[in-house]
Amino acid sequence: MRRLPRAASCGLLVLLVASCGTPVDPLAPPTGSPAPKPVVGVILPDRASSDRWDAQDKPLLLQAMSFAGVEGVVENADGDEAKFASIADEMIGRGVNVLMTTPLTPEGGMAVERKAKAAGIPVINYDRISLGGTADYYVSFDNLNVGELQAEGLLGCLGDKKGAQIIELQGAPTDNNATLFFDGQRRLLGPKYDSGSLRLVDSKPVDQWDAAIGKAAFEQMLAANGGVVDGVVAANDGLAGAAIEVLKAKGLAGRVPVTGQDATLDGLRAILRGEQCMTVYKPIRDEAEAAARLAIAVARGDLSGADDLATGNTRDLVAKRDVKSVLLGAELITRDNVRTLVAEGAVKPADLCAGDTAAACTELNILAN
């Protein structure tokens with residue numbers, strides 16, 4: 001499995017080589033006489049687990065496809081498996097040229113992929129893979145590395161504290177990404193737990209990444225340990241926020257390191273307040289651009305060009321097959337480098353530095369961006 005480093009991920013995807021040997025940008029509008037527009041159907045998973053899907057992924061995908069002369073149809077399943085299947089049926093019935101899905105569960109993804117395959121429609125898994133499915137391509141981040149970054153961040157925030165007691169809030173058990181985050185964390189934290197230099201109090205997956213469920217689970221685990229915790233592995237910023245709410249009520253916020261992921265505005269502000277120790281920045285623009293390029297190539301029938309873009313493979317252990325993949329890099333974000341996200345335009349300083357984070361922004365020279 002080959003991971004593209006962040007700095008190079010877009011650059012390596014910029015050019016396809018046409019059969020004549022001339023570089024061609026797959027996002028460029030088609031030339032020649034007008035022809036019916038290829039159609040790419042996209043099903044995003046929900047609005048509750050993160051605001052990224054509607055706020056970032058949807059407009060970025062539509063913009064790239066429109067520029068290339070491809071019609072993009074983007075719908076959101078709202079966390080509802082029946083709605084996910086219904087949208088897929090509609091898109092397959094319409095005869096889209098490519099179906100791109102972020103499956104809610106492997107079973108739901110597999111069912112849709114079987115129907116698409118029967119209709120001769122290629123499928124791209126976006127951000128999450130359907131284990132056991134038949135998707136032709138997969139575009140995501142190196143999610144094992146994301147988990148490693150979370151563990152690295154926690155260890156850095158804990159410092160030399162020996163025997164620190166750790167509680168884990170993991171992601172949805174139906175989301176393979178959550179499994180990969182867990183596996184990546186264990187590469188660094190597992191030996192620490194085994195040696196006793198850290199003590200794992202408890203670890204629970206959180207259904208549908210639901211922060212309310214996560215908060216209740218964290219309260220239960222904390223109470224069962226007598227209210228003692230030295231560090232929290234939270235699989236994303238939403239779950240981090242849930243844990244921080246509980247820690248605030250106990251007077252522990254800012255004293256117990258909490259990890260996160262997604263570099264959400266709330267997560268970044270919590271980092272500036274000293275309540276969250278780190279997050280992981282996954283540049284959605286890179287992911288959407290990579291997926292759009294791949295979908296455009298497939299929709300135009302340029303499968304060799306699509307294969308040139310999918311430079312890696314992801315092993316589906318359920319289906320016992322390799323899935324052609326584009327895997328992108330991520331970045332560990334702490335208080336010391338939050339300002340880089342402002343410089344990149346990933347977050348607006350006015351939003352980041354409002355109210356109770358203004359002093360931290362001044363201290364870190366963030367407003368100078």
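Rules used in this analysis
- Residues numbered from 1 in each chain as written.
- Predicted model: local features only at pLDDT ≥ 70, side-chain atom pairs only at ≥ 80, totals over all residues.
- Heavy atoms only, no water.
- Salt bridge = Lys/Arg side-chain N within 4 Å of Asp/Glu carboxyl O.
- Helix = DSSP H or I, 4+ residues; strand = E, 2+ residues; numbered from the N terminus.
- Buried < 20%, exposed > 50% of the residue type's maximum accessible area, 1.4 Å probe, protein only.
- Axes fitted to C-alpha atoms, helices over the stretch in contact; angles between N-to-C directions.
- Parallel < 35°, antiparallel > 145°, perpendicular 65-115°, else oblique.
- Left-handed = near helix turned anticlockwise from the far one by under 90°.
- Contact = heavy atoms within 4.5 Å.
- Phe/Tyr/Trp six-rings, centres within 6.5 Å; stacked < 30°, edge-to-face > 60°.
- Lys NZ or Arg CZ within 6 Å of the ring centre and 35° of its normal.
- Pairing = 2+ DSSP bridges.
- Core = buried A, V, L, I, M, F, W, Y, C linked by side-chain atoms within 4.5 Å.

In this section: the pattern of salt bridges. A full pass over the atoms with the stated rule returns 22 salt bridges. Residues Asp262 and Lys282 are paired through a salt bridge, measuring 3.7 Å at the closest nitrogen-oxygen approach. In this pair, Asp262 is assigned in the loop between α8 (237-249) and α9 (265-273) and Lys282 in the loop between β11 (279-281) and α10 (284-299), connecting sequence segments 20 residues apart. For Asp262, a relative accessible area of 21% translates into the label partly exposed. Looking at Lys282, the relative accessible area reads 5%, which means it is buried. In the salt-bridge network here, residues are joined through shared partners; they are Lys248, Arg269, Arg273, Glu275 and Asp356.

In contact at an axis separation of 8 Å, helix α7 (residues 211-224) and α8 are set at 45 degrees when each is read in the N-to-C sense. By the angle between their axes, α7 is oblique relative to α8. Considering the relative orientation of α7 and α8, their crossing is right-handed. Between α7 and α8, the contacting residues are Ala211, Gly214, Lys215, Phe218, Glu219 and Leu222 on the first element and Gly238, Leu239, Ala242, Ala243, Glu245, Val246 and Leu247 on the second.

A separate point is the packing of aromatic side chains. Scanning the model with the defined rule gives 1 aromatic pair in all. Ring plane angle 65 degrees and centroid distance 6.3 Å describe the contact between Phe181 and Trp209, whose orientation is recorded as edge-to-face. In this pair, Phe181 is assigned in helix α6 (residues 176-195) and Trp209 in the loop between β9 (198-205) and α7, connecting sequence segments 28 residues apart. Overall, Phe181 belongs to the buried group, its relative accessible area being 3%. Of note, Arg52 hangs over the ring of Trp53, and the distance from its end group to the ring centre comes to 4.0 Å.

Let's shift gears to the sheet that holds strand β10 (residues 231-234). Overall, parallel pairing links the 3 strands, which are arranged β9-β8-β10 in an open sheet. Edge positions in the sheet fall to β9 and β10, since each of these pairs with one other strand and no more. Geometrically, the sheet is characterised by an average inter-axis angle of 15 degrees between neighbouring strands, direction not taken into account. Note: strand β8 (residues 164-170) against β10, 4 bridges, orientation parallel. For Ile167, the partnering residue across the bridge sits in β10 and is Val232. Set on the sheet, α6 makes contact with β8, β9 and β10; between it and β9 the angle comes to about 155 degrees.

Attention now goes to the nonpolar core. One recurring pattern in soluble globular proteins is that nonpolar side chains are buried together. Core analysis: the biggest nonpolar cluster contains 34 residues, and Leu61, Met65, Met100 and Tyr126 have the highest contact counts within it. Residue assignment for this core shows that the elements contributing at least two residues are β3 (39-44), α2 (52-67), β5 (98-101), β6 (123-126), β7 (137-141), α10, α11 (303-309) and β13 (321-328). Top element by residues in this core is α10. It accounts for 11 residues. The residues contacting Met100, other than those within four sequence positions of it, are Gly41, Val42, Ile43, Leu61, Met65, Ile124, Tyr126, Ala291 and Ala295.

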